[in-house]
Amino acid sequence: MEQKNITTDSGIEIKEIYDAANSTKGDNSLPGKFPFTRGVQASMYRGKLWTMRQYAGFSTAEESNKRYHYLLGQGVSGLSVAFDLPTQIGYDSDHPLADGEVGKVGVAIDSIEDMELLFAGINLEEVSTSMTINASGFILLALYVALAKKQGADLNKISGTIQNDILKEYAARGTYIYPPKPSMRIITDIFEWCSTTVPKWNTISISGYHIREAGSTAVQEVAFTLSNGKAYVKAAQQKGLDINVFGKRLSFFFNAHNDLFEEVAKFRAARRMWSTIMKDLGATDEKALMLRFHTQTGGSTLTAQQPLNNICRVTIQSLAAVMGGTQSLHTNGYDEALSLPTEEAAKIALRTQQIVAFESGVPNTADPLAGSFFVESLTDEVEKAALELIEKIDLMGGSVEAIEQGFMQEQIAASAYRYQKDIENGKKISVGVNKFQSPEANKTPVFKIDESIQKIQTDKLKELKKKRNNDKVKLCLEKLSEAANGTDNLMPIVLEAVENYCTLGEISDALRNVFGEYK
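What you see is a predicted model; the values in this text were computed from it and never measured. (Residues numbered from 1 in each chain as written. Predicted model: local features only at pLDDT ≥ 70, side-chain atom pairs only at ≥ 80, totals over all residues. Heavy atoms only, no water.)

**Overview of unusual backbone geometry**
Right, on to step 1. In the segment running from phenylalanine 34 into proline 35, the intervening peptide bond is cis, with an omega of 5°.
Right, on to step 2. Of note, proline 35 is situated in the segment before strand 1 (51–56).
Right, on to step 3. The backbone phi angle of phenylalanine 436 is positive, close to 60°, even though this residue is not glycine.
Right, on to step 4. Looking at where phenylalanine 436 falls in the secondary structure, it is placed in the loop between helix 15 (407–424) and helix 16 (453–467).
Right, on to step 5. Within the chain, tyrosine 501 stands out as a residue other than glycine whose phi angle is a positive 70°.
Right, on to step 6. Relative to the assigned elements, tyrosine 501 resides in the loop between helix 18 (491–499) and helix 19 (504–515).
Right, on to step 7. Residue tyrosine 501 is classed as partly exposed on the basis of its relative accessible area of 24%. (Helix = DSSP H or I, 4+ residues; strand = E, 2+ residues; numbered from the N terminus. Buried < 20%, exposed > 50% of the residue type's maximum accessible area, 1.4 Å probe, protein only.)

**Some details on a nonpolar patch on the surface**
Right, on to step 1. Side chains of Ile429, Val431 and Phe436 sit close together on the surface and give an oily, nonpolar patch of about 290 Å² of accessible area.
Right, on to step 2. Relative to the helices and strands, isoleucine 429 resides in the loop between helix 15 and helix 16. (Patch = residues over 30% accessible without salt bridge, like charges linked within 9 Å, V, L, I, M, F, W, Y side chains within 5 Å. Areas by Shrake-Rupley, 256 points an atom, 1.4 Å probe, with all protein chains shown as cover. Salt bridge = Lys/Arg side-chain N within 4 Å of Asp/Glu carboxyl O.)

**Observations regarding the sheet that holds strand 1**
In any sheet, the strands associate via hydrogen bonds between backbone groups, in a parallel or an antiparallel arrangement.
Right, on to step 1. Strand order in this open sheet of 9 strands is 5-4-3-2-1-9-8-7-6, and the pairing throughout is parallel. Each edge of the open sheet carries a strand with a single partner, namely strand 5 (201–202) and strand 6 (204–207).
Right, on to step 2. With 3 bridges joining them, strand 1 and strand 9 (residues 328–330) adopt parallel strand pairing. Following the sheet pairing, arginine 53 is matched in strand 9 by histidine 330.
Right, on to step 3. Packing of helix 12 (residues 343–358) onto the sheet brings it into contact with strand 1 and strand 9, and relative to strand 1 it is tilted by some 165°. (Pairing = 2+ DSSP bridges. Contact = heavy atoms within 4.5 Å. Axes fitted to C-alpha atoms, helices over the stretch in contact; angles between N-to-C directions.)

**Quick word on the packing of aromatic side chains**
Right, on to step 1. For the coordinates displayed, the defined rule picks out 19 aromatic pairs.
Right, on to step 2. Taken together, a centroid distance of 6.4 Å and an interplanar angle of 25° make the contact between tyrosine 68 and phenylalanine 119 stacked. Taken together, the residues tyrosine 68 in helix 1 (residues 61–74) and phenylalanine 119 in the loop between helix 3 (112–118) and strand 3 (128–132) connect sequence positions 51 residues apart.
Right, on to step 3. The class of tyrosine 68 is buried, set by a relative accessible area of 0%.
Right, on to step 4. Residue classification places phenylalanine 119 among the buried residues on the basis of a relative accessible area of 1%.
Right, on to step 5. Seen from their ring centres, phenylalanine 224 and phenylalanine 407 are 6.4 Å apart, and the 75° between their planes marks the pair as edge-to-face. (Phe/Tyr/Trp six-rings, centres within 6.5 Å; stacked < 30°, edge-to-face > 60°.)

**What about the packing of helix 10 (residues 260–280) against helix 11 (residues 309–323)?**
Right, on to step 1. Running from N to C, helix 10 and helix 11 point in directions that differ by 30°, and their axes come no closer than 8 Å. Classed by the angle they form, the pair helix 10 and helix 11 counts as roughly parallel. In this structure, the crossing between helix 10 and helix 11 has a hand that is right-handed. Residues Leu260, Glu263, Val264 and Phe267 of helix 10 form the contact with helix 11, whose own contacting residues are Ile316, Leu319, Ala320, Ala321 and Met323.
Right, on to step 2. A breakdown of the residues in the contact of helix 10 with helix 11 according to their chemical character gives 8 nonpolar, no polar and 1 charged. (Parallel < 35°, antiparallel > 145°, perpendicular 65-115°, else oblique. Left-handed = near helix turned anticlockwise from the far one by under 90°. Nonpolar A, V, L, I, M, F, W, Y, C, P; charged D, E, K, R; others polar.)

**Examining the nonpolar core**
Right, on to step 1. Core analysis: the largest hydrophobic core is formed by 139 residues, its most contacted members being Met115, Phe119, Phe138 and Ile507.
Right, on to step 2. In terms of residue count, helix 4 (residues 137–151) provides more of this core than any other element does, 11 residues in total.
Right, on to step 3. In this view, methionine 115 contacts Ile109, Met131, Leu140, Leu143, Tyr144 and Leu147; residues no more than four positions away in its chain are not counted. (Core = buried A, V, L, I, M, F, W, Y, C linked by side-chain atoms within 4.5 Å.)

**Some words on the pairing of strand 7 (residues 250–256)**
Right, on to step 1. Most of strand 7 is tucked away, with 7 of its 7 residues classed as buried.
Right, on to step 2. What you see with strand 7 is no split at all: Leu250, Phe252, Phe254 and Ala256 on one side and Ser251, Phe253 and Asn255 on the other are buried throughout.
Right, on to step 3. Of the pairings in the sheet, the one linking strand 6 to strand 7 comprises 4 bridges and is parallel in character. Bridging across to strand 7, isoleucine 204 finds its partner in leucine 250.
Right, on to step 4. Examined bridge by bridge, strand 7 and strand 8 (residues 293–297) share 5 bridges and lie parallel to one another. The residue bridging asparagine 255 from the neighbouring strand is glutamine 296, located in strand 8.
Right, on to step 5. The β-α-β motif built from strand 7, the intervening helix 10 and the parallel element strand 8 has right-handed crossover chirality. (Right-handed = clockwise from strand over helix to strand, strands pointing away.)

**Topic: the side chain of threonine 379**
Right, on to step 1. As for its position among the elements, threonine 379 is in helix 13 (residues 373–396).
Right, on to step 2. Looking at threonine 379, the relative accessible area reads 0%, which means it is buried.
Right, on to step 3. Within the structure, threonine 379 has its side chain in polar contact with the side chain of arginine 268 (distance 2.9 Å).
Right, on to step 4. For threonine 379, the residues in contact, after removing those within four places along its chain, are Thr37, Ala265, Arg268, Ala269 and Arg272. (Polar contact = N/O pair within 3.5 Å; in protein donor to acceptor, adjacent residues only side chain to side chain.)

**Observations concerning helix 15**
Right, on to step 1. Spanning 18 residues, helix 15 covers 26 Å between terminal C-alpha atoms, matching the ideal 26 Å at 1.5 Å per step.
Right, on to step 2. In this fold, the buried residues of helix 15 make contact with helix 5 (167–173), helix 7 (209–213), helix 8 (218–238), helix 13 and helix 14 (399–404).
Right, on to step 3. Of the residues trailing helix 15, glycine 426 is marked for its positive phi of about 80°. (Expected span 1.5 Å × (residues − 1).)

**What about the packing of helix 17 (residues 470–485) against helix 19?**
Right, on to step 1. Interaxial distance between helix 17 and helix 19 falls to 9 Å at its minimum, and their mutual angle equals 35°. The two elements helix 17 and helix 19 cross, and the hand of that crossing is right-handed. Residue-level inspection shows Val473, Leu477, Leu480, Ser481, Ala484 and Asn485 of helix 17 in contact with helix 19, the latter providing Glu506, Ile507, Ala510, Leu511, Val514 and Phe515.
Right, on to step 2. Per-class residue counts for the contact of helix 17 with helix 19 are 9 nonpolar, 2 polar and 1 charged.

By themselves, these are just geometric observations and shouldn't be taken as functional.
In structure tokens:
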């Protein structure tokens, strides 16, 4: 039976057959050369495989540390830290609003003592660490640098990434603290401070992942993410920072969904678009023109029904990320629609990456789908549709204004609604959910967090506040408030505060009192 009008979730129509006439641009560039459609390195994975990260963090710092040592022993080449909700929105574990959430969706970090426990036995000079944290990201970065100094590490060798992308929080995720303008100030302070203090650190991971998780299409994910990237670059330029310096330390974070070819096209289009955007903004250094990105497989694609099917989904998504040229990858556990991943699920997820790396042959050549009539055409189509959306945002005045007007939020909500409607009416098939169902008793082991974690963290805070020099703490927080009222870079003061055992909540509150909260 002939099927007509097949489209991707982005609404791009898929033709029955593609030939040379369908590929409009004829991008004959090489990997490692502008506009980087085919990858940011000439040899891609023949030179160096992507960093295999497994996103992990739960309970106390001690418990998460055990998981990190396990993952490092299994062959991960970089750590990726998940923080609990109170940490993400600047509350200590003893705050009333933290009640019931401590250690649940990530690890609880209240002070430098927790940071020491989190990375006990791990040499920060030798491991690359990604931290998924935004509104309070500047505090976690300061804690990481303070710990590196305690270890006697050379700060010029410390590498990793802090997510630090507040605009997508307003648009899609919700873990913001301060209003947009002071938040943008903190981000540009981080750019400036890192360029001299930790020059190998990626100062921001501009995230499309959460935009996609909120229900956007692949095209919207690219358009909104790159538009947010433009906003950060312009804010840094207004501060007087050199685009050729901070531009090299920008990185991106994308989602990988199940439509293999659209996802590959999305990654290729994003690289091409970003290199042109940066060139137009004045970048001349080749490294500042490159879009480097981390990928995580799509959490929202995982099903609670027939959860072992998720291993297949994650494999397809991993292939899309690698064929699309990712620099680093996290693969989700098959049980994550039910709970945080068990150790067994995390191991299978990592083994999925290792099988793609060492058994599939996919990494053996750069951009293996280049020249495919279908993929080249789809890359052009994704780019064209995403540029149209970026132009609309530019006419509004940029991402901050588009978010304040609710444009991005409305677009994402409409896409999420359409997608869910298509699942419910059977137009879109989800195996095991609306087709090929089977009666089943769920026997998947579920990972549970002990409810005693909150008391453990609260007791640790009480002890810390008894033994630290509280006069020094008071002075550090007063100094921070004073700087927030002025124009000085906040990062050196935040570093001094964490070194003197000020807590994450105390630092956040000092700035809340000056900047207010975003409602």
